[in-house]
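# Residue-level structure breakdown
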Amino acid sequence: MMPPTPPAIRRALRLATALLLVVAATLIALIVAGVFDPQPAGSPVQRTSPGPLALESGGEMLARQPLPWPSPPTRYSVRLTAAHAAGATDSAYGLALGDGVTLTVAVSPLGEAAVWQTIAGDDEPRYLMPWQPWPHVRPGIAANEIWLDVRKLDDMARVTARINRELLWEGEVEQMYPGVALWLGSFGSRVSVDFQTLDWFAVTEE
């Protein structure tokens with residue numbers, strides 16, 4: 001038979017257990033509050049609500065968005081929330097950066113994601129991440145958040161792409177001319193997507 005645990009040890013064990021529970025509850029509360037979520041570059045600049053866009057058949061379209069600044073700052077973020085509204089599920093929607101040289105990040109109602117670069121004059125896009133299932137894409141009509149952080153370098157731009165706050169892709173691409181567009185594509189029939197909000201953030205001083 002084991003000897004009884006001395007009262008001092010029992011009190012210490014109870015205190016340690018209580019402290020662990022407090023620490024666990026605090027961590028859970030911080031996670032729920034989003035304290036550990038990634039943060040956009042800088043402060044909010046502007047929010048717009050582009051609204052629904054539709055394609056009547058297969059193909060793709062770009063809907064250019066007005067820039068909230070005369071020229072992009074060295075560091076900025078663009079965050080789109082959008083959802084498939086109706087029509088073909090064999091379709092996709094996303095956010096495109098640049099003009100001439102364009103980087104597009106898109107998701108599909110089928111739960112897939114892709115990243116590609118398009119250069120004016122080239123026949124085919126260059127896929128940096130080909131279309132593939134990705135667990136953090138919300139399928140169907142659920143809204144998805146596409147978030148791009150951009151840091152301008154000497155002759156390149158470093159871009160970080162997140163889907164629903166989860167890192168999807170990060171890399172350096174050719175310096176892009178200013179420009180942001182909503183991208184909509186269908187691989188079959190008519191599709192409609194609700195582009196709900198477009199948020200802009202910028203670091204004005206470094």
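Residues numbered from 1 in each chain as written. Predicted model: local features only at pLDDT ≥ 70, side-chain atom pairs only at ≥ 80, totals over all residues. Heavy atoms only, no water.

## Regarding the overall build of the protein
Helix and strand content of the protein: 1 helix and 13 strands. The N-to-C order of helical and strand elements in the protein reads α-β-β-β-β-β-β-β-β-β-β-β-β-β. Counting across all 206 residues of the protein, residues that qualify as buried make up 41%. At a minimum sequence separation of 6, the contacts of the protein that also span at least 24 residues come to 65%. Total accessible area computed for the protein in this model is approximately 11,300 Å², and 58% of it derives from carbon and sulfur atoms. (Helix = DSSP H or I, 4+ residues; strand = E, 2+ residues; numbered from the N terminus. Buried < 20%, exposed > 50% of the residue type's maximum accessible area, 1.4 Å probe, protein only. Contact = heavy atoms within 4.5 Å. Areas by Shrake-Rupley, 256 points an atom, 1.4 Å probe, with all protein chains shown as cover.)

## Some points on the sheet that holds strand E5 (residues 91-97)
The 6 strands are arranged E3-E12-E5-E6-E7-E8 in an open sheet whose pairing can be described as antiparallel. Edge positions in the sheet fall to strand E3 (59-65) and strand E8 (126-133), since each has one partner strand and no second. Across the sheet, the axes of successive neighbouring strands diverge by a mean angle of 20°, strand direction being ignored. Pairing between E5 and strand E6 (residues 101-107): 5 bridges, direction antiparallel. Counted as the bridge partner of Gly-94 is Ala-106 from E6. (Pairing = 2+ DSSP bridges. Axes fitted to C-alpha atoms, helices over the stretch in contact; angles between N-to-C directions.)

## Section: the packing of aromatic side chains
The geometry of two aromatic rings is summed up by the distance between their centres and the angle between their planes. Taken as a whole, this structure holds 7 aromatic pairs when the rule is applied. Measuring from centroid to centroid gives 6.0 Å for Trp-116 and Trp-131, while their planes differ by 45°, and the two rings are tilted. Of the two residues, Trp-116 is situated in strand E7 (residues 112-119) and Trp-131 in strand E8; the sequence distance between them amounts to 15 residues. Of the residues examined, Trp-116 reaches a relative accessible area of 6% and is grouped as buried. Judged by its relative accessible area of 24%, Trp-131 is partly exposed. Taken together, the ring pairs connect Trp-116, Tyr-127, Trp-131, Trp-183 and Phe-187 into an aromatic cluster. Of note, Arg-79 hangs over the ring of Trp-147, and the distance from its end group to the ring centre comes to 5.1 Å. Over the aromatic face of Trp-147 sits the side chain of Arg-162, whose NZ or CZ is 5.6 Å from the ring centroid. (Phe/Tyr/Trp six-rings, centres within 6.5 Å; stacked < 30°, edge-to-face > 60°. Lys NZ or Arg CZ within 6 Å of the ring centre and 35° of its normal.)

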